[in-house]
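So you can see what is in the structure, the chains are spelled out below.
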Amino acid sequence: MIGAVSWHFKGLGVALLVGALFAAAYVLATNDDTALHRAYFRYVAHLERRLRLLFLDVRAVYVVLAQVVTLLLVLPLGLFTSRSILFLLPVIVFGPSWLLAQKQKQRVARIEAILDGFVLALANALRASPSAGRALAMIQPVTADPLKQEIELVLREMHVGSTLEQALANMSARVQSFQLDAAMTGLLIGRQTGGDVPAILDGSALTLREMTRLRGVLRSKTAEGRAQANVLAVFPLGLILVFDFASPGYFLPLTESLTGVVIMTLALLMWGASIFMTRQIMSVEL
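Residues numbered from 1 in each chain as written. Predicted model: local features only at pLDDT ≥ 70, side-chain atom pairs only at ≥ 80, totals over all residues. Heavy atoms only, no water.

## Points about the layout of surface pockets
Moving on, step 1. In this structure, the largest pocket spans a volume of roughly 2200 Å³.
Moving on, step 2. If you go around the largest pocket, you meet 48 residues; those closest to its centre are W98, Q102, K105, N230 and R279.
Moving on, step 3. Looking at the lining of the largest pocket, the elements that each hand over two or more residues are α2 (35–53), α4 (89–113), α9 (178–193), α10 (197–246) and α12 (258–282).
Moving on, step 4. Here the lining of the largest pocket gets 14 residues from one element, more than from any other, and that element is α4.
Moving on, step 5. In terms of residue class, the lining of the largest pocket is made up of 25 nonpolar, 14 polar and 9 charged. (1 Å grid on protein atoms, 1.4 Å probe; cavity = no way out; pocket = protein on both sides within 12 Å on 5 of 7 lines; lining within 4 Å. Points joined across faces, edges and corners; volume = space filled by probe spheres on them. Helix = DSSP H or I, 4+ residues; strand = E, 2+ residues; numbered from the N terminus. Nonpolar A, V, L, I, M, F, W, Y, C, P; charged D, E, K, R; others polar.)

Shown next as structure tokens:
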């Protein structure tokens, strides 16, 4: 009897959650001046901007739709089978933004890895042609992605009327790399002051190459610490899943009583704070 009542309450909970999601969708579709509507469009705009920076041909609306569908699948499973699945909810909600941010960091790292060769090739192209735009067009086909995509966009902006300075400033704003900013600043200052731009770029390429070497040394020295930090960050989640699989209902006291909820909340807060402090300690930059 108690089990049947519990199942009825779980079914009611699922129905309320699904109804809340459909109510939110109805509000978004029929009202364009609510806090929910504004928050939704801010989130979609945030995803769209991330996707454009990564040159991905994916609509942000489809990402949000996939999140909603996944929530509709995970919530009933968590209520009717194992509540440990509910730990996936933060991953579903914040996962896309975090993943796109990591992809952007990886893209910047790939750009910085080939930046010294690009600057050196640009210096040689400027020796053959004094026009910076023509020099960029000459080396763009032989430049590796993702920097090739950025240079192609710079050339497109120049073709529709933007100046070289504006196009390069837009590229720096998109990539947000200190090394790229320094290289493009050297190019623009050399053009404005009438200096020997190829020689300036040769010096910039040498400096970038040395910075890349030092970054590699720094990463190798801190690799073991980062690996340990990643293991310690993931270990509690793995431990929860293992205990819940070996002994179903082991964590029910933490979810069915006020004291357990308070303890679980404090544990999650301390876990998140420890991850944040570890990342701050390990984020050593030149």
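Still more to cover.
## Brief notes about unusual backbone geometry
Moving on, step 1. The residue after D145, namely P146, is reached through a cis peptide bond having omega 5°.
Moving on, step 2. With respect to the secondary-structure elements, P146 resides in the loop between α6 (132–139) and α7 (147–159).
Moving on, step 3. For F55, which is not glycine, the phi torsion reads 55° and is therefore positive.
Moving on, step 4. Inspection of the secondary structure assignment puts F55 in the loop between α2 and α3 (60–80).
Moving on, step 5. Since its relative accessible area comes to 31%, F55 is described here as partly exposed.
Moving on, step 6. Residue Q176 is not a glycine yet carries a positive backbone phi of 60°.
Moving on, step 7. Considering the arrangement of structural elements, one finds Q176 in the loop between α8 (164–175) and α9. (Buried < 20%, exposed > 50% of the residue type's maximum accessible area, 1.4 Å probe, protein only.)

## Details of the packing of aromatic side chains
Moving on, step 1. A full pass over the atoms with the stated rule returns 1 aromatic pair.
Moving on, step 2. With 5.2 Å between their ring centres and 80° between their planes, Y40 and F41 make a pair best called edge-to-face.
Moving on, step 3. A relative accessible area of 23% places Y40 in the partly exposed class.
Moving on, step 4. For F41, a relative accessible area of 44% puts it in the partly exposed group. (Phe/Tyr/Trp six-rings, centres within 6.5 Å; stacked < 30°, edge-to-face > 60°.)

## Looking at α10
Moving on, step 1. If you look at α10, its biggest bend is around 50°, right at T222.
Moving on, step 2. Buried residues of α10: V197, P198, L201, S204, A205, L208, R215, T222, A229, A233, I240 and D244, and no others.
Moving on, step 3. As for α10, its buried residues are in contact with α5 (115–128), α9 and α12. (Bend = angle between axes of the 7 residues up to and from the residue. Contact = heavy atoms within 4.5 Å.)

## Quick look at the nonpolar core
Moving on, step 1. Counting residues in hydrophobic clusters, the biggest one holds 31 residues, and the most contacted among them are F118, L122, L136 and L168.
Moving on, step 2. Of all the elements in the fold, those that place two or more residues in this core are α4, α5, α6, α7, α8, α9 and α10.
Moving on, step 3. Considering each element in turn, this core owes the most residues, 7 residues, to α5.
Moving on, step 4. When neighbours within four sequence positions are excluded, L122 is seen to be in contact with A135, L136, I139, L187 and L201.
Moving on, step 5. Core analysis: the next-biggest nonpolar cluster, separate from the first, contains 7 residues, V44, L47, A60 and V64 among them. (Core = buried A, V, L, I, M, F, W, Y, C linked by side-chain atoms within 4.5 Å.)

## Considering the side chain of R107
Moving on, step 1. By the secondary structure assignment, R107 is in helix α4.
Moving on, step 2. Classification of R107 as buried rests on a relative accessible area of 3%.
Moving on, step 3. For R107, the side chain forms a polar contact with the side chain of E150, separated by 3.1 Å.
Moving on, step 4. With sequence-adjacent residues up to four places away left out, R107 is seen in contact with L53, L54, F55, P146, Q149 and E150. (Polar contact = N/O pair within 3.5 Å; in protein donor to acceptor, adjacent residues only side chain to side chain.)

## Notes on the pattern of salt bridges
Moving on, step 1. The tally for this structure, following the rule as stated, stands at 9 salt bridges.
Moving on, step 2. Across the pair E150 and R107 runs a salt bridge, and its minimum N-O distance is 3.1 Å. Of this pair, E150 sits in helix α7 while R107 sits in helix α4, placing them 43 residues apart in sequence. In this pair, the class of E150 matches that of R107, namely buried. (Salt bridge = Lys/Arg side-chain N within 4 Å of Asp/Glu carboxyl O.)

## Looking at the side chain of E112
Moving on, step 1. Summarising the element assignment, E112 is placed in helix α4.
Moving on, step 2. Residue classification places E112 among the buried residues on the basis of a relative accessible area of 16%.

## With respect to the packing of α10 against α12
Moving on, step 1. The contact between α10 and α12 brings their axes to 11 Å, and the two run at 170°. Of the possible angle classes, the one that applies to α10 and α12 is roughly antiparallel. Taking contact as the criterion, the partners of T222, G225, R226, A229, L232, A233, P236 and L237 in α10 are, on α12, W271, I275, T278 and M282.
Moving on, step 2. For the contact of α10 with α12, the class distribution of residues is 8 nonpolar, 3 polar and 1 charged. (Axes fitted to C-alpha atoms, helices over the stretch in contact; angles between N-to-C directions. Parallel < 35°, antiparallel > 145°, perpendicular 65-115°, else oblique.)

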